[in-house]
Amino acid sequence: MGTGQNCRMVVPARPPVRVLSFHGAARTVTGSRFLIETPEARVLVDCGLFQGLAELRRRNWKPFPVEPSDLTAVLLTHAHVDHSGWIPRLAAEGFGGPVHATHNTADLCGIVLPDSGRLHEEEATYAGRHGYSRHTPPLPLYTEDQARASLALFEAHDWDTQVEVAIGVWALFRPAGHILGAAQILVETDEGPSVLFSGDLGRPNHPVLREPAAPASADVYVVESTYGDRLHDDARTLERFASAIAATAARGGVVVIPAFAVDRTEVLLFHLRELMRDGAVPEIPVVVDSPMALSALSLYRHAIATDAAECRPGLHVDGDPFDPGTLHEAHDVAASKRVNEMSGPLVVISASGMATGGRVLHHLSRRLGDSRNTVLLVGYQAAGTRGRRLLEGERMLKMLGRYVPVRAEIVDVPGFSVHADADDLVAWLARAGTPPRIVYVVHGEPAASEALRARIESELGWAAVVPGPGERVLLP
Ligand SMILES: [Zn+2]
């Protein structure tokens, strides 16, 4: 977007010292990109998309601060696109690999990156039709084909095994309990400093994944702070979820749940099965209508069936933990259309999670106008999305080119987060054997990062800093 090679932020030639710099997810929650430079290597930890407001998304078009071909390797914590979604662009700009990740992260990227490329292509086409792109003709950030090509750069690794990722630089992946494959990454340098990246940390009570492994000892911690100033209300979450579904079923209605395709769908299905067994929710049909969610679901099933180290043990002894016995999987378009003919009581889980696109729009446009139905919002709804408008009580919602009256009940159940809350983060840090010399607090809105920084200082007595975007610090 008007930025060329001449605008590349100036980073000096490889430094004679070891430097850590923050090129994304610094005082914001998206665009995770952290660079470690040594005299011999440049290693990037995460390569995420900026998402949300236009000002942030524009950063996706800026050239990377160092020549992509000069990067030695990328280490990837997990498959969410705010951590992985810029890899295809980095590859298109000359990065030749490798991308180191866990097996399940590599497999999930095989699902989410091509989908991301397809969405960028659709966006560019739409922008072209409506004439608001700065490119003529409008260009996608990258294409589905470019995303598929970048998958060849991945090298998958086992948990807790040291991998030499550059001369004198070693990486170790430990479970982060956030989504399948999600890792904390310990980066160690020969006779030099070590840095632990938390990645996104999960919750100790994830129904499928084990709690995050304790933080390894390291000189420097880089820790996320998405919910650094908030606590989740666990007790009321399941109660609200169950009672909304039971009430809708009692009046013969349909529950539509816009859900993030990876992990959220699994967590919802798991709880639905338990709630139906306990009698808290009647045994009504449950449809999952999202090709990406169903692909991810099969990876979760495989991980459980093979007793993957990151999963809670014994989940497979009692049948499919994601099938309440009434599960329908809508794999193709014909099956998706048949859902329209189904009458309540019924639960439909479909992507996208904030109703910004995807098949859930068809279900919403069909079901919103009926007061017997319910829309359950189970995740964060960003400003400007249809999910947010529903949350704020909008009575007419535009989708697929027409306005639909909102007569269905709208229920917000925000507690199904896959992120540790403030107490979880502090408790996780407190499990460290040896305190780090310094903690850099990243991946949070400024208030959340600052709140966590203050708690680390006051409750743990450690030095903690919220780095700014583009900031460079010497490693001790
Ligand atoms: Zn994540």
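Remember, predicted model here, so these are calculated numbers, not experimental data.

Since the α-helix turns once every 3.6 residues, residues separated by three or four places project in the same direction. Taking 1.5 Å of rise per residue, 15 residues should cover 21 Å, and helix H7 (residues 264-278) covers 21 Å from first to last C-alpha, within 8% of that figure. Across the 15 residues of H7, twelve count as buried, placing the element largely inside the fold. In this fold, the buried residues of H7 make contact with helix H6 (234-250), strand S12 (254-258), strand S13 (286-289), helix H8 (291-305), strand S14 (327-329) and strand S15 (346-350). Two residues or fewer past H7, Gly279 is found with a positive phi of approximately 85°.

Glancing now at the sheet that holds strand S19 (residues 409-412). Ordered by their spatial adjacency, six strands build an open sheet running S14-S13-S15-S12-S16-S19, and the pairing between neighbours is parallel. Both outer strands of the open sheet, S14 and S19, are each paired with one neighbouring strand and no more. The mean angle between the axes of side-by-side strands here comes to 20°, regardless of whether they run parallel or antiparallel. Pairing of strand S16 (residues 374-377) with S19, which is carried by four bridges, proceeds in the parallel orientation. By the bridge assignment for S19, Thr374 is matched with Glu409. Contacting S13 and S14, H8 crosses the sheet at an angle of about 120° to S14.

What follows deals with the domain arrangement of the protein. Partitioning the protein into domains gives domain 1 (10-230 + 419-474) and domain 2 (237-412). Taking only C-alpha atoms, the centre of domain 1 and the centre of domain 2 are 29 Å apart. Contacts between the two partners involve 21 residues from domain 1 and, on the opposite side, 19 residues from domain 2. Carbon and sulfur atoms supply 66% of the area buried between domain 1 and domain 2, which totals about 1900 Å² over both sides. When the buried area of domain 1 at its contact with domain 2 is split by residue, Pro207, Val208 and Arg210 rank highest and sum to 35% of it. At the junction of domain 1 and domain 2, the tally comes to zero salt bridges. Inspection of the region where domain 1 meets domain 2 yields eleven residue pairs in polar contact (both at pLDDT 80 or more). In terms of residue class, the side of domain 1 that touches domain 2 is made up of eleven nonpolar, six polar and four charged.

As a further point, take the nonpolar core. Among the nonpolar cores identified, the biggest contains 96 residues, and Phe241 and Ile349 are the most heavily contacted of them. Top contributing element to this core by residue count: H8, with eight residues. Each of domain 1 (10-230 + 419-474) and domain 2 (237-412) accounts for three or more of the residues forming this core. Apart from the residues lying within four places of it in its own chain, the contact partners of Ile349 are Ile257, Ala259, Thr265, Leu268, Leu269, Leu272, Val286, Val287, Val288 and Asp289. Ranked by size, the runner-up nonpolar core spans 29 residues in total, among them Ala25, Val43, Ala166 and Val222.

Once that is clear, we can look at the pairing of S15. The element S15 is largely enclosed, with a buried count of five among its five residues. On S15, burial covers both faces: Leu346, Val348 and Ser350 on one face and Val347 and Ile349 on the other are all buried. Sheet topology places S12 next to S15; five bridges connect them, and they run parallel. The partner of Pro258 across the bridge, within S15, is Ser350. With four bridges connecting them, S13 and S15 associate as parallel partners. Residue pairing for S15: Asp289 is matched across the bridge by Ser350.

If you walk through the whole model with that rule in mind, you get seven aromatic pairs. A ring pair is formed by Phe241 and Phe416, whose centres lie 5.1 Å apart and whose planes are at 75°; its orientation type is edge-to-face. Of the two residues, Phe241 is situated in helix H6 and Phe416 in the loop between S19 and helix H12 (422-430); the sequence distance between them amounts to 175 residues. For Phe241, a relative accessible area of 0% gives the class buried. The ring of Trp86 is capped by Arg33, whose NZ or CZ atom sits 4.3 Å from the centre of that ring.

You can see Leu368 is positioned in the loop between helix H10 (360-367) and S16. Sequence-wise, Leu368 and Gly202 are 166 residues apart; in three dimensions their C-alpha atoms are separated by 33 Å. In this view, Leu368 contacts Val375, Leu390, Leu397, Met399, Val404, Pro405, Val406, Arg407, Ala408 and Ile410; residues no more than four positions away in its chain are not counted.

Confidence along the protein averages 91 in pLDDT terms, with 95% of residues attaining 70 or more. Segment residues 1-7 is flagged for pLDDT under 50; beyond a separation of four residues in sequence, or across chains, it makes nine contacts in the model.

This part is about the environment of Gly279. Looking at the element boundaries, Gly279 is found in the loop between H7 and S13. For Gly279, a relative accessible area of 58% gives the class exposed.

Let us now look at the side chain of His178. Residue placement: His178 occurs in the loop between strand S8 (169-175) and strand S9 (183-189). A polar side-chain atom of His178 sits 3.4 Å from a polar atom in the side chain of Asp200. Once residues lying within four places of it in the same chain are set aside, the contact partners of His178 are His78, His80, Asp200, Leu201, Gly202, His206, Leu209, Asp263, Val418 and His419.

Here we take up the coordination of the zinc ion. Protein-derived coordination of the zinc ion comes from His78 (NE2), His80 (ND1), His178 (NE2) and Asp200 (OD), at a distance range of 2.2 to 2.3 Å. Coordination at the zinc ion is irregular, judged from the four donor atoms that bind it and the angles of 91 to 164° they form at the metal. Sequence positions of the donors to the zinc ion reduce to the motif H-x1-H-x97-H-x21-D. Of this pair, His78 sits in the loop between strand S4 (73-75) and helix H2 (81-84) while His178 sits in the loop between S8 and S9, and the two are 100 residues apart along the sequence. Accessibility assignment for this pair places His78 and His178 in one class, buried.

Calculation criteria
Residues numbered from 1 in each chain as written. Predicted model: local features only at pLDDT ≥ 70, side-chain atom pairs only at ≥ 80, totals over all residues. Heavy atoms only, no water. Helix = DSSP H or I, 4+ residues; strand = E, 2+ residues; numbered from the N terminus. Expected span 1.5 Å × (residues − 1). Buried < 20%, exposed > 50% of the residue type's maximum accessible area, 1.4 Å probe, protein only. Contact = heavy atoms within 4.5 Å. Pairing = 2+ DSSP bridges. Axes fitted to C-alpha atoms, helices over the stretch in contact; angles between N-to-C directions. Domains from an automatic or database assignment. Buried area = accessible area lost by both parts, 1.4 Å probe. Salt bridge = Lys/Arg side-chain N within 4 Å of Asp/Glu carboxyl O. Polar contact = N/O pair within 3.5 Å; in protein donor to acceptor, adjacent residues only side chain to side chain. Nonpolar A, V, L, I, M, F, W, Y, C, P; charged D, E, K, R; others polar. Core = buried A, V, L, I, M, F, W, Y, C linked by side-chain atoms within 4.5 Å. Phe/Tyr/Trp six-rings, centres within 6.5 Å; stacked < 30°, edge-to-face > 60°. Lys NZ or Arg CZ within 6 Å of the ring centre and 35° of its normal. pLDDT = per-residue confidence, 0-100. Donors = N, O, S within 2.8 Å, 3.2 Å for Na, K, Ca; no water. Tetrahedral: all angles 85-135°; square planar, octahedral: opposite > 155°, others 65-115°.

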